[in-house]
Amino acid sequence: MEILFIFLVVFGIIVLHGPVSNWYNRFYVRRQYKKFLSQETFLHSIISPNLKYYNRLNLEDQRKFLFRTYLFRRAKRFHYIEVTESAEMPVLISAVAVQLTFGLDKYMLNYFKDIFVLKDDYHYGFYSRPFQGHVDHSGIYLSWDNFMKGVKGLSPNCNVGLHEMGHALAYVNFITQTEEDKHFKKEFKSFSKVARPIFESMQKGSKNILGDYAGTNYHEFWAVSVEVFFENPLRLRHELPALYNAISMLLRQDPMVVLNTNKLAA
Ligand SMILES: [Zn+2]
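Residues numbered from 1 in each chain as written. Predicted model: local features only at pLDDT ≥ 70, side-chain atom pairs only at ≥ 80, totals over all residues. Heavy atoms only, no water.

Novice: Explain the packing of aromatic side chains to me, please; I cannot follow it from the model alone.
Specialist: Geometrically, a pair of aromatic rings is defined through the distance of the ring centres and the angle of the planes. Counted by the stated rule, this structure contains 30 aromatic pairs. For the pair Tyr53 and Phe65, a centre-to-centre distance of 6.0 Å together with 45° between the ring planes defines the contact as tilted. Placement of Tyr53 in helix H3 (residues 52-55) and of Phe65 in helix H4 (residues 59-75) is noted, with a sequence separation of twelve residues between them. Accessibility assignment for this pair places Tyr53 and Phe65 in one class, buried. Each ring, one from Tyr122 and one from Phe131, has its centre 6.1 Å from the other, and the planes form 40°; the classification is tilted. Lying across the ring of Tyr218, Arg196 places its NZ or CZ 3.7 Å from the centre. (Phe/Tyr/Trp six-rings, centres within 6.5 Å; stacked < 30°, edge-to-face > 60°. Helix = DSSP H or I, 4+ residues; strand = E, 2+ residues; numbered from the N terminus. Buried < 20%, exposed > 50% of the residue type's maximum accessible area, 1.4 Å probe, protein only. Lys NZ or Arg CZ within 6 Å of the ring centre and 35° of its normal.)

Okay, here's the thing in structure tokens:
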């Protein structure tokens, strides 16, 4: 009798687990969506004046973008180190993460619960050069001055927010394997087929639009590629078309197409 009972419980857990958790997820998302609607205007008022990427999306995608930003921001603890907190900080940082992962299904970077905002360049560990941002097991670190320079396009080809989110995305998929996006993991192999030879030639001294820092190691190559893909798509596509296409396939988005759509609409 007892065995039968245990069997039924185990059977019940196995059979019902999927439907119950799916139901709960749908319920959770619907509840969050209601809460999000009351913040939609606020989020738009911060993101629209700052993020060109957002303004180029159609209305439906803008709403999806804002909802993802809302969920991302809600899930993180933001810490402010020697910098005065402002309302736009957590919103814009979340928005940049959403920009990078907009074509993917998994976008929460769930392993990272903490995001640290610093004022400007800082020193970290035993490195002698100053940092603009970094990612390690304890969280995502960003310096606000540099972050905003990237968002406003004041530093050509550089966007520290996208750069660090690029590291974080690779981290959750390959290092902690806590949030694996099936498409991203699979497609990363195709990306590497194109990217590895370019990276290796850079290590031998060849120069290209990515700049010397991308040749430091393959992690940096990936993070810099992400920055240039969004910040200077026209030149990247012209100079390294295979790499541009590989990133576009990997991230399931194409900044040039968004640009073209915008041009047509204008
Ligand atoms: Zn880096």
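Novice: Looking at this model, I keep getting lost on helix H5 (residues 88-100). Mind explaining?
Specialist: For H5, spanning 13 residues, the distance from its first C-alpha to its last is 18 Å, which sits close to the expected 18 Å at 1.5 Å a residue. Counting buried positions along H5 yields twelve of 13 residues, so the element is predominantly enclosed. Inspection of H5 places Met89, Pro90, Val91, Leu92, Ile93, Ser94, Ala95, Val96, Ala97, Val98, Gln99 and Leu100 among the buried residues, and these make up the whole buried set. (Expected span 1.5 Å × (residues − 1).)

Novice: Honestly, the sheet that holds strand S1 (residues 77-81) in this entry has me stumped. Any pointers?
Specialist: Think of a sheet as strands paired side by side through backbone hydrogen bonds, with each pair either parallel or antiparallel. Spatially, S1-S2-S4-S3 is the arrangement adopted by the four strands of the open sheet, whose pairing is mixed. Since the sheet does not close on itself, it has two edges, and those belong to S1 and strand S3 (133-136), each with one partner. In this sheet, adjacent strand axes meet at a mean angle of 15° when their direction is disregarded. (Pairing = 2+ DSSP bridges. Axes fitted to C-alpha atoms, helices over the stretch in contact; angles between N-to-C directions.)

Novice: Explain a nonpolar patch on the surface to me, please; I cannot follow it from the model alone.
Specialist: A cluster of nonpolar side chains, contributed by Phe5, Ile6, Val9, Val10, Ile13 and Ile14, occupies part of the molecular surface with about 600 Å² of accessible area. Tracing the chain through its elements places Ile6 in helix H1 (residues 2-37). (Patch = residues over 30% accessible without salt bridge, like charges linked within 9 Å, V, L, I, M, F, W, Y side chains within 5 Å. Areas by Shrake-Rupley, 256 points an atom, 1.4 Å probe, with all protein chains shown as cover. Salt bridge = Lys/Arg side-chain N within 4 Å of Asp/Glu carboxyl O.)

Novice: Even after reading the chapter, I still don't get the coordination of the zinc ion, so can you show me in this structure?
Specialist: Tetrahedral metal sites with four donors have an ideal angle of 109.5 degrees; octahedral sites with six donors have ideal angles of 90 or 180 degrees. Protein-derived coordination of the zinc ion comes from His163 (NE2), His167 (NE2), Glu220 (OE) and Glu220 (OE), at a distance range of 2.0 to 2.7 Å. Around the zinc ion, the four donor atoms sit at angles spanning 53 to 147°, and that spread fits a shape best called irregular. The sequence motif formed by the donor residues of the zinc ion is H-x3-H-x52-E. A residue pair is termed long-range when its members are at least 10 positions apart, and His167 in helix H7 (residues 160-175) and Glu220 in helix H9 (residues 218-231) qualify at 53 residues. Exposure class is identical for His167 and Glu220. Each is buried. (Donors = N, O, S within 2.8 Å, 3.2 Å for Na, K, Ca; no water. Tetrahedral: all angles 85-135°; square planar, octahedral: opposite > 155°, others 65-115°.)

Novice: Teacher, can you tell me more about the pattern of salt bridges here?
Specialist: Think of it this way: side chains of opposite charge can pair up when their charged atoms draw near. Applying the stated criterion across every chain yields a total of six salt bridges. Where Arg77 meets Asp114, a salt bridge forms, and the shortest distance between an N and an O atom there is 2.8 Å. Within this pair, whereas Arg77 is found in strand S1, its partner Asp114 is found in strand S2 (residues 114-118), the two being separated by 37 residues in sequence. Judged by relative accessible area, Arg77 falls into the partly exposed class, the value being 48%. Judged by its relative accessible area of 13%, Asp114 is buried. Between Glu239 and Arg235 there is a salt bridge whose closest N-O contact spans 3.0 Å. Placement of both Glu239 and Arg235 in helix H10 (residues 233-239) is noted, with a separation of four residues, approximately one turn of the helix. In this structure Arg235 comes out as partly exposed when scored by relative accessible area, which is 41%.

Novice: Could you clarify how one ought to interpret unusual backbone geometry in this entry?
Specialist: Among all residues except glycine, the phi angle is most often negative; among peptide bonds, the trans geometry is most common. In this model, Leu109 sits at a positive phi of 45°, which is unusual for a non-glycine residue. Structurally, Leu109 can be placed in the loop between H5 and S2. With a phi close to 65°, Asn157 is a non-glycine residue in the positive phi region. With respect to the secondary-structure elements, Asn157 resides in the loop between helix H6 (144-151) and H7.

Novice: I would appreciate a short explanation of the layout of surface pockets in the present structure.
Specialist: Where empty space is left becomes clear once a probe the size of a water molecule has been rolled over the atoms. The volume enclosed by the largest pocket comes to roughly 710 Å³. Lining the largest pocket are 30 residues, and of these His163, Glu164, His167, Tyr213 and Glu220 sit closest to its centre. For the lining of the largest pocket, the elements supplying multiple residues, two or more each, are S3, H7 and H9. Per element, the largest residue contribution to the lining of the largest pocket is seven residues, and it comes from H7. Its residues assigned to classes, the lining of the largest pocket shows 16 nonpolar, nine polar and five charged. Taken together, 22 residues form the lining of the second largest pocket, with Lys52, Tyr53, Arg56, Phe230 and Glu231 sitting closest to its centre. The set of elements that each furnish at least two residues to the lining of the second largest pocket consists of H3, H6, H9, H10 and helix H12 (255-265). At four residues, H12 tops the list of elements feeding residues into the lining of the second largest pocket. (1 Å grid on protein atoms, 1.4 Å probe; cavity = no way out; pocket = protein on both sides within 12 Å on 5 of 7 lines; lining within 4 Å. Points joined across faces, edges and corners; volume = space filled by probe spheres on them. Nonpolar A, V, L, I, M, F, W, Y, C, P; charged D, E, K, R; others polar.)

Keep in mind these values describe shape, not function.
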